[in-house]
Structures are given as structure tokens and as C-alpha cells.
Amino acid sequence: MRFRHPDGTAVHLSYCTNVHPAESLAGIVAQLDRHAVPVRERLGVDRLGVGLWLARQAAQELTADPTAVSRLRRALAVRGLETVSLNAFPYRGFHAPTVKRDVYLPDWADPARLRHTLDLARILARLLPDDAARGSISTLPLGWRSWWSPRRQADAEAAVDGLAEGLAAVAAQEGRPVRVGFEPEPGCVVERTEEAVELLAGRDPDVLGVCLDACHLAVAFEEPDRVLARLSESGVSVVKLQASCALHVPDPRDPEAVARLKGFGEPRFLHQTREATSGLPLARDDLDDALGPDGLPGRGPWRVHFHVPLHADPPAPLRSTRPVLEAVLAGLLGRSAAVTDHIEVETYTWEVLPPGRRPSGPTALSAGIAAELDWARGRFAQLAMKEEDR
């Protein structure tokens, strides 16, 4: 879906296909038929953006066969789909029974991460619609903090330099610019805005920047206006926004809240949990840790890294951090000039929602994704964005 900002910028709205488990090229195309096309039809639009997750297997298939990218581009076009953004955060196995910290492997100290990201940049440059200004790729915030060391930091910094050089080469060779956004996340080397600025300030904003994830920003208890002001004054570009919401727990000592929270505990993904204080939030790496005997004290509100659907409230007394997402959207798109042009709905946790809230099958999942995009469409309209695809 495309929208026109009052300043004339074309803003792309898509949904991220990491919600689907396919890792091969054939599986990805099948998932487009099973989910993306029904989502487009439910929204009543001629063109739907899909932010593809291309796992390592799919990336290798696309780089090994010179005609494969052209076939994928045609497969998207005949289905009324387009891609301007890729999610390169998960490398493989994102729907394994247990993912947790494995999602951060390989990290940016491992040469495999740079190779994969540049492969995807070349693929995306060839997938872009002819009239798209540029492509974007989101990637992990260097690595998981407890695994880090000065040597790994030095290796990662060198890889980031290599990434900038490689992206410049892709733009020169393919004639299409692609930017990569590092996505701050709780528990990682780059967790908060200041760490993103430290990594990216002084680097070319036309090739490197941040991918803001509104769920992650909310869990860190960072204020959207301050974050955007800090990035702007530092010259760090917002490559794209992951439109997402976290769980908010006003009173973690409320027995009903605890009972509801336990329903969100599950073995696949990591659900970092933070408690508000007068300074930096108190932290636990997972929801089960926060609820355990050595968990968070519960003297202040909690926020939990669990991507909940944009349009749907969690069971009371739990809340959504939707107001944070609304503030981020207003800061990015509600000004005289658009701060970013790629917005991607990323609720990959549909299948691990508590029983009774998760979709019962493909039709229900497609309906849920369409409802999220429709919510975003409504917010765009409130920000004076004109829809161009219907």
C-alpha cells in the first residue's frame, strides 16, 4: 500500500512476512498465495506491500540462479504485491520450536552476517518496483550483550564499515540505492538510542541508519519525541519503522495481571521485560525470569517484548503500548516533511498468542493481518496521508 505525504513523499506501508514459517523460495511464494493475496483482497487494494523475510536458504537460492530474482519479481507483480523492504534480522529457523537468543546468530562479529546482508541488498535492488525511490533492510543491533567483548566489537565495527562500502557498490552496480537499518532491541549491544547514535553518527545516512521498532522503544521506556530529536540532531537516518506494540502492565503486583501475563509465556521467542524506575529500567531477559522468584520487584509498571496485534487490546488489566506507536507515527509522518518512507507492520507472534487469541487457521491469520494494516491505514489518514492504492 502506498500513501502520499503532504510534502509529496511516497510512503510505503507493508506487513512483514516473518510471521510465516517458509524459508525456501517455493515456500515463500506459496505463503504469498495462502496469506498475502487474501490480505490484499480483504483490504480492497490493487497493490499490497510485503516486507519479505528471506532466510539464508532463500537468499542462497536467489543468488545461485541468475533468473530467480526476476521470477520472484514477476510472482509478486502478478499477485498485486510489491517489495521495497526486507527483514534480515532472523537468519534461519525463526519458527523453530525454540528460538530465544538464537535469533541473534550470526551476529555482526561473524563474517556470515555481512555476506548475508549484502546478498539481500543485491536481491532487493532487483526486486524494487521501477518507481520506488529506494529499498530498506532491517538488521540486528550488532549482537546479544552478554556474548559481547572488545574483540567482537572491533570485528563488528569493521563489518559495518564493509557494509557501507558494499551498499555503495550495490547502488553503483544495480542503479538502485538500498539502506540498512540497525534495529535497537532490549538486551542487545545497541539497546537504546544513545547506543545507536554512538554506532551510526558520522556514517553515511544514505546507506546506514536505524530501523525503529515501536515495541522495542516502548519496552525500553524511551520517549518517542526525544528519540526522534536525538536521531535528527545526530544526523542518523530512520531507514524504516517496524510498526509494533508491546504489552504494558500498569500494576505487576495485581494477581489478575500476573495470571494474564503467564498466558503470554511461551517457549519459542524471547520476551525481554523491563520495569520503569526513575532512571534506567530494571531488566530481565525473559518474561518467565521477570515472574520468577528472582524476578522484577513490581514497584513500577512493566513492559514486555511481546508483539501484540496493533488493533486489538490484550486482556485487561494488561494494556497495549499502542499510544507509543501512535506517537512514533505522528513524529515520523505528522510533520511538514516525512522522516521515513518505509513503514512495516511486524507482528510475528500471532501463532504464539495465548489460546483463544491466536488465529485458528490461515483465513483467521489473514484477517488479523488485514485488520492491523487497516488500523495503520486509519492512522495515516488522520496524519493527512493520502492513500494511492484504491
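Residues numbered from 1 in each chain as written. Predicted model: local features only at pLDDT ≥ 70, side-chain atom pairs only at ≥ 80, totals over all residues. Heavy atoms only, no water.

The biggest cluster of nonpolar side chains holds 122 residues, and the ones touching the most others in it are L52, L142 and F182. Sorting elements by how many residues they give to this core places helix α4 (residues 111-127) first, with eight residues. Those residues within four positions of L142 in sequence are excluded, and the remaining contacts are D107, W108, W148, Q153, A156, V160, F182, V189, V190 and L199. (Core = buried A, V, L, I, M, F, W, Y, C linked by side-chain atoms within 4.5 Å. Buried < 20%, exposed > 50% of the residue type's maximum accessible area, 1.4 Å probe, protein only. Helix = DSSP H or I, 4+ residues; strand = E, 2+ residues; numbered from the N terminus. Contact = heavy atoms within 4.5 Å.)

We now examine the side chain of H35. Looking at the element boundaries, H35 is found in helix α1 (residues 25-43). With sequence-adjacent residues up to four places away left out, H35 is seen in contact with Y15, H20, P362, L365 and S366.

With that settled, the discussion passes to the pairing of strand β15 (residues 342-345). Of the two faces of β15, both are covered, the one formed by H342 and E344 as well as the one formed by I343 and V345. Both strand β9 (residues 237-243) and β15 contribute to a ladder of three bridges, which runs parallel. Across the sheet, residue Q242 finds its bridge partner in β15, namely E344. (Pairing = 2+ DSSP bridges.)

Where helix α8 (residues 224-234) is concerned, the buried positions are P224, V227, L228, L231 and S234. One face of α8 carries all of its buried residues, which in axial projection span an arc of 135°. Opposite the packed face of α8, turned more than 90 degrees from it, sit the exposed residues D225, R226, S232 and E233. Each element contacted by the buried residues of α8 is listed here: α6 (193-200), β8 (208-213), α7 (214-219), β9 and α11 (322-333). Phi turns positive, to about 75°, at G235, one or two residues after α8. (Arc of directions from axis to C-beta.)

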